[in-house]
Amino acid sequence: MARLIHLSDLHFGAHDDELVAAVEHKVGELKPDLVVISGDFTQRARTEQFREACEFLERLRDGGHEVLGVPGNHDVPLYDVLRRFLSPLTRYRRFIDDSLCPFVELRGVAVLGINTARSLTFKDGRISRHQIDFIRDTFARTPAESVRILVTHHPLFAVPVGDEIERAVGRNESALDAIEEAGVDLLLAGHAHHASVHSASDLVTRAGGALVVQAGTATSTRLREQNQSFNVIDVDDGAIKLTVECWSRDEFRAIDTKRFENRDGTWRILKAEESAH
Ligand SMILES: [Fe+2]
Ligand SMILES: [Fe+2]
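Here the residue numbering is sequential within each chain, running from 1 through the sequence in written order. Each chain gets a letter, beginning with A, and each ligand a number, beginning with 1, in the order they are written. Only residues with pLDDT of at least 70 are given local features in this predicted model, and only at 80 or more are side-chain atom pairs given and counted; all residues enter the totals for whole chains, interfaces and linings. Values reported for side chains reflect all heavy atoms of the structure, with hydrogen atoms and water molecules removed beforehand.

Caption draft 1: How the structure looks around unusual backbone geometry. The phi angle at His11 is positive, at roughly 50°, despite the residue not being glycine. With respect to the helices and strands, His11 occurs in the loop between β1 (2-7) and α1 (17-30). Backbone geometry places Lys31, a non-glycine residue, at a positive phi of 45°. Working definition: helices are DSSP H or I runs of at least four residues, strands are E runs of at least two. Numbering for both runs from the N terminus. Turning to its location among the elements, Lys31 is positioned in the loop between α1 and β2 (34-38).

Right under this line is the structure:
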């Protein structure tokens, strides 16, 4: 079995220290094989904010946890125009990770991160043709039986957030083809500060049988209809269990657990009576 913890939208600089400590405590307790962080490490991409995020990552790594991250739109400087266009991700690469397309293979699981944050779009993300080819090529080289997980900051599909719809990343039409061809099983993203899970086939007409998993913000004070939360994902022998740990007064508590099984190439939720067996 492989266990992943999916954190997102930490927003150091607009974060709550109590939540940061609580996340670290939970990570220590849950002992994941990998901590995935789907972007927005900082609030305004300032050096001090990156330093705090870096210290957080160091504490996780010191605790023996492997981490895979991708940048979010907040990790590109907004007001510092020179830096925004000439060296948008220099600080990210210095403090978080030099790689913008990290790849980790665990027992039965392959995880690839892709950067969707751009200088030219303030809030929306984009995926390039080169990145789409890279997704295809990388997953083509992983064992057929591995569960393929793609991590981006921006959701690749338009996802419902309460009564609104969070827009999809730019050029997502070709991304859909790559996801289907590459046999991606799980799409992990953030940005919406709203946790949810959907079958991709319920959201778009073609994207294979992937599950679309959105994480809420783990530690930010900027909320959208939900308290802070993060996801725990257990992959075990062809089944996926997704648990949402939500901030409840003074601790993170598991509020929702769903089980999924792959039937004819499509991940579907198991009904309560099926998951009991
Ligand atoms: Fe965010
Ligand atoms: Fe964002």
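Following the structure, the description resumes.
Caption draft 2: Spatial organisation of the pairing of strand β12 (residues 229-236). Exposure is judged per residue with a 1.4 Å probe applied to protein chains only, and the accessible area is read against the type maximum: over 50% gives exposed, under 20% gives buried, and values in between give partly exposed. Counting buried positions along β12 yields 7 of 8 residues, so the element is predominantly enclosed. Sheet topology note: the β1/β12 ladder contains 5 bridges and is antiparallel. Looking at β12, one finds that Leu4 is bridged to Ile233. Should DSSP find at least two bridges between two strands, the strands are taken to pair. Pairing geometry for β12 and strand β13 (residues 239-248), over 8 bridges, is antiparallel. Paired with Val235 across the strands is Ile240, a residue of β13. The antiparallel hairpin formed by β12 and β13 contains 2 residues in its connecting segment, where Asp237 sits at a positive phi of about 50°.

Caption draft 3: Spatial organisation of the coordination of the iron ion (ligand 1). At 2.0 to 2.3 Å from the iron ion (ligand 1) lie its protein donor atoms, namely Asp9 (OD), His11 (NE2), Asp40 (OD) and His193 (NE2). Distances up to 2.8 Å from the metal define which N, O and S atoms are donors, and 3.2 Å serves for Na, K and Ca; water is absent from the atom set, so sites may look incomplete. Irregular is the label for any site that misses the other tests, which are tetrahedral for four donors with all angles between 85 and 135 degrees, and square planar for four donors or octahedral for six when opposite donors exceed 155 degrees and the remaining angles lie between 65 and 115. Each of the 4 donor atoms around the iron ion (ligand 1) contributes to a set of angles spanning 88 to 176°, which defines the coordination as irregular. Between consecutive donor residues of the iron ion (ligand 1), the sequence gaps follow D-x1-H-x28-D-x152-H.

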